[in-house]
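Letter by letter, the chains look like this.
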Amino acid sequence: MKRLIRLLPLICMLPLTLRGAEETASRTFAPTFRTMQLRNTVDFFAPPVWPLGDDRVTLNLTFDELGDDRRYLRYSIEHLTPDWKPSDLVPSEYASGFNEGTVEDFAFSQNTYRHYVNYRIVIPSEQLTPLISGNYLLRVWDEDEPSETLLQSRFCVSEQVGTIAAEATHITDRGSDGPYQQLNFTFNAGDFPLRDPFADIRVAVVQNSDPATAVWVKPLRVQGKELIYEHRPELLFRAGNEFRRFETTRTDYTGMHVDANRFDGDGYTATLATDYGRADRPYVYDSTQQGRYMVDEYYSSDPDLGADYVMTEFTLDFPRVMNGEVHLRGALTDYRTDDSTRLRYDEETHTYRLPLLLKQGSYNYQYVLKDPQTGAVTPAPVEGDFYETRNEYTIYVYYTPPGARYARLLNVTSIR
């Protein structure tokens, strides 16, 4: 008989509390919209951050709508606070023009069984350009129904003031070579005038682009223009494990971690190899995309249009969790933990299962346990914590002097 796991004590021991303004989280609302990605055009691994005024860099939002018909879509941006809530600014203060644009870049899928229309929005553009730094929300809607948001995505505009030097180490304030990693960093403001760094500067740190990991931290001390962040309890992170991977770039061949492909008349289904818990297994290094995914199709010169949608079947062989839920997490689910990402327990096979319609490509993912009462999530019971894990940490430095009506984003830097 399969043993059972009670979730609540584990959640208490290994908390990862959801933070932020949930109503502005990146997500699609209409079920026909899929594969929303906001990418820096220069660096695939870079967070969606536009350096203010830099014409060498753009942010591209791409997404699909399943079906054969093109929609007439419009978009706008909204300025947000550092904790992702609407700011007090009006559109004329943070966006050029009328803060609306028409989605003119679209194309139909090519030689795919499941038809879709692919759309692209570029920030900045002649239609719309952010004027100031900070956090933003890009919103897309049908021009006939402007009050109904179809999808939305967070991004940032940074002034790239000063420099950040950072390191993640396995030597932590709770010991060495354990389940934690400690982040230490300095922010050097350079020639930028700082009046009161302790009061005017706020810094957020995010692990592997997962908004649920966000923490706020104050400097330990200030030396001239240098703010030093070390030995702060907020910067002690669970080490986690390398993301799991699979590839569905071909339907005529079983790619990485794919057991079988089959065609059922409407399209392809890929059955992934069964996953198992890794918390009690040795650490194994793997070069991953830190939770991201890349759309790709082996035979296509333009995967955005040539990659098909494949029903992808996940199976996790793990003891049944009492009073809790098992969810799939990563960029492929927009880091959500809702009904669409929840694995169901199969009484016959004693495994957790989830079918998910995904565009062909190479994917990262992990499994997390969720306490439905508190919303807290943790990957630790399934994935484990290993100090060797190659995590990515992104540091956001915000500046709000006395009397300012919004927080400027001075710098964003990632380390891996």
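Up top you'll find the structure we're talking about.
The structure displayed is predicted, hence computed values, not measured ones.

(A) Structural detail: the overall build of the protein. Each helix and strand in the protein was counted, giving 5 helices and 34 strands. Taking 2.2 N^0.38 as the reference for a compact globule, 416 residues should give roughly 22 Å; the C-alpha atoms of the protein span a radius of gyration of 22 Å, in line with that estimate. By its C-alpha atoms, the protein is 65 × 55 × 35 Å across when sized along the principal axes. Counting across all 416 residues of the protein, residues that qualify as buried make up 53%. Put simply, of all contacts in the protein between residues at least 6 apart along the chain, 73% involve residues at least 24 apart. Carbon and sulfur atoms provide 49% of the accessible area of the protein, an area that totals close to 18800 Å².

(B) The arrangement of the sheet that holds strand β3 (residues 33–40) in detail. Taken in spatial order, the 4 strands of this open sheet run β3-β5-β9-β8, and their pairing is antiparallel. Whereas interior strands pair on both sides, the edge strands pair on one side only; in this sheet they are β3 and β8 (105–108). Ignoring which end each strand starts from, the neighbouring axes of this sheet average 15 degrees apart. Pairing geometry for β3 and strand β5 (residues 59–66), over 6 bridges, is antiparallel. Considered in β5, the bridge of Asn-40 is made with Leu-59.

(C) Representation of the sheet that holds strand β17 (residues 215–217) in the model. With antiparallel pairing, 4 strands are arranged side by side in an open sheet as β17-β16-β33-β34. Both edges of this open sheet fall to β17 and β34 (408–415), since each of them pairs with a single strand only. Strand after strand, the sheet turns through a mean of 25 degrees between neighbouring axes, direction not considered. Note that strand β33 (residues 393–399) and β34 share 7 bridges and pair antiparallel. By the bridge assignment, Tyr-393 is partnered in β34 with Ile-415.

(D) Region of interest: empty space enclosed by the protein. Scanning the model with the defined rule gives 1 cavity of 30 Å³ or more in all. A volume near 30 Å³ is recorded for the largest cavity. In terms of lining residues, the largest cavity is bounded by Thr-35, Gln-37, Thr-62, Phe-63, Asp-64, Asn-118, Val-295, Asp-304 and Lys-359. Looking at the lining of the largest cavity, the elements that each hand over two or more residues are β3 and β5.

(E) Just the pattern of salt bridges, in detail. Counting across every chain of the model gives 27 salt bridges. In this structure, the salt-bridge partner of Arg-408 is Glu-159, at a minimum N-O distance of 2.7 Å. Of this pair, Arg-408 sits in strand β34 while Glu-159 sits in the loop between β11 (149–158) and β12 (163–169), placing them 249 residues apart in sequence. Residue Glu-159 is classed as partly exposed on the basis of its relative accessible area of 23%. Three or more residues joined by partner-sharing salt bridges are found here, namely Arg-244, Asp-275, Arg-278 and Glu-383.

(F) Structural context of the side chain of Thr-149. Checked against the element boundaries, Thr-149 lands in strand β11. Polar side-chain contacts of Thr-149 include one of 2.6 Å to the side chain of Arg-139.

(G) Summary view of unusual backbone geometry. Look at the link from Ile-123 to Pro-124: it is a cis peptide, with omega at -5 degrees. Tracing the chain through its elements places Pro-124 in the loop between β9 (116–123) and β10 (134–142). Backbone geometry at Thr-35 places phi at a positive 55 degrees, although glycine is not the residue there. With respect to the helices, strands and loops of the structure, Thr-35 is situated in strand β3.

(H) Structural detail: a negative patch on the surface. On the surface, a cluster of negative charge is contributed by Glu-143, Asp-144, Glu-145 and Glu-148. Residue placement: Asp-144 occurs in the loop between β10 and β11.

(I) Broad picture of the packing of aromatic side chains. Applying the stated rule across the entire model yields 24 aromatic pairs. Judged by centre distance (5.3 Å) and plane angle (20 degrees), the ring pair of Phe-63 and Tyr-119 falls under stacked. Here the residue Phe-63 occupies a position in strand β5, and Tyr-119 occupies one in strand β9, the gap between them amounting to 56 residues. Tyr-119 shares its class with Phe-63; the two are buried. Three or more aromatic residues joined by ring pairs make a cluster, and in this case those are Phe-246, Tyr-293, Phe-314, Tyr-363, Tyr-365 and Tyr-367. The aromatic ring of Trp-216 is capped on one face by Arg-202, whose charged end is 4.0 Å from the ring centroid.

(J) Molecular detail of the nonpolar core. By size, the foremost hydrophobic cluster in this structure holds 29 residues, and its most contacted members are Leu-61, Phe-63, Ile-77, Leu-138, Val-140 and Phe-155. Where this core is concerned, the elements lending two or more residues are β3, β5, β6 (73–80), β9, β10 and β11. Not counting chain neighbours up to four residues away, the residues in contact with Leu-138 comprise Leu-61, Tyr-75, Ser-76, Ile-77, Ile-121, Ile-123, Leu-151, Gln-152, Ser-153 and Phe-155. Membership of the second largest hydrophobic core comes to 28 residues, among which are Val-258, Ala-307, Val-326 and Ala-331.

(K) Here's a closer look at the pairing of strand β23 (residues 268–272). Pairing geometry for strand β22 (residues 258–263) and β23, over 5 bridges, is antiparallel. Each residue of the ladder has a partner; that of Asn-261, found in β23, is Ala-270. What sits between β22 and β23 in their antiparallel hairpin is a turn of 4 residues, with Gly-265 showing a positive phi close to 105 degrees. Alignment of β23 against strand β26 (residues 309–317), held across 3 bridges, turns out to be parallel. Residue Ala-270 lies in a different strand from β26, and its bridge partner there is Thr-312.

What counts, and at which threshold
- Residues numbered from 1 in each chain as written.
- Predicted model: local features only at pLDDT ≥ 70, side-chain atom pairs only at ≥ 80, totals over all residues.
- Heavy atoms only, no water.
- Helix = DSSP H or I, 4+ residues; strand = E, 2+ residues; numbered from the N terminus.
- Rg over C-alpha atoms; globule rule 2.2 N^0.38 Å.
- Buried < 20%, exposed > 50% of the residue type's maximum accessible area, 1.4 Å probe, protein only.
- Contact = heavy atoms within 4.5 Å.
- Areas by Shrake-Rupley, 256 points an atom, 1.4 Å probe, with all protein chains shown as cover.
- Pairing = 2+ DSSP bridges.
- Axes fitted to C-alpha atoms, helices over the stretch in contact; angles between N-to-C directions.
- 1 Å grid on protein atoms, 1.4 Å probe; cavity = no way out; pocket = protein on both sides within 12 Å on 5 of 7 lines; lining within 4 Å.
- Points joined across faces, edges and corners; volume = space filled by probe spheres on them.
- Salt bridge = Lys/Arg side-chain N within 4 Å of Asp/Glu carboxyl O.
- Polar contact = N/O pair within 3.5 Å; in protein donor to acceptor, adjacent residues only side chain to side chain.
- Patch = residues over 30% accessible without salt bridge, like charges linked within 9 Å, V, L, I, M, F, W, Y side chains within 5 Å.
- Lys, Arg positive; Asp, Glu negative; His and termini not counted.
- Charge placed at Lys NZ, Arg CZ, Asp CG, Glu CD.
- Phe/Tyr/Trp six-rings, centres within 6.5 Å; stacked < 30°, edge-to-face > 60°.
- Lys NZ or Arg CZ within 6 Å of the ring centre and 35° of its normal.
- Core = buried A, V, L, I, M, F, W, Y, C linked by side-chain atoms within 4.5 Å.

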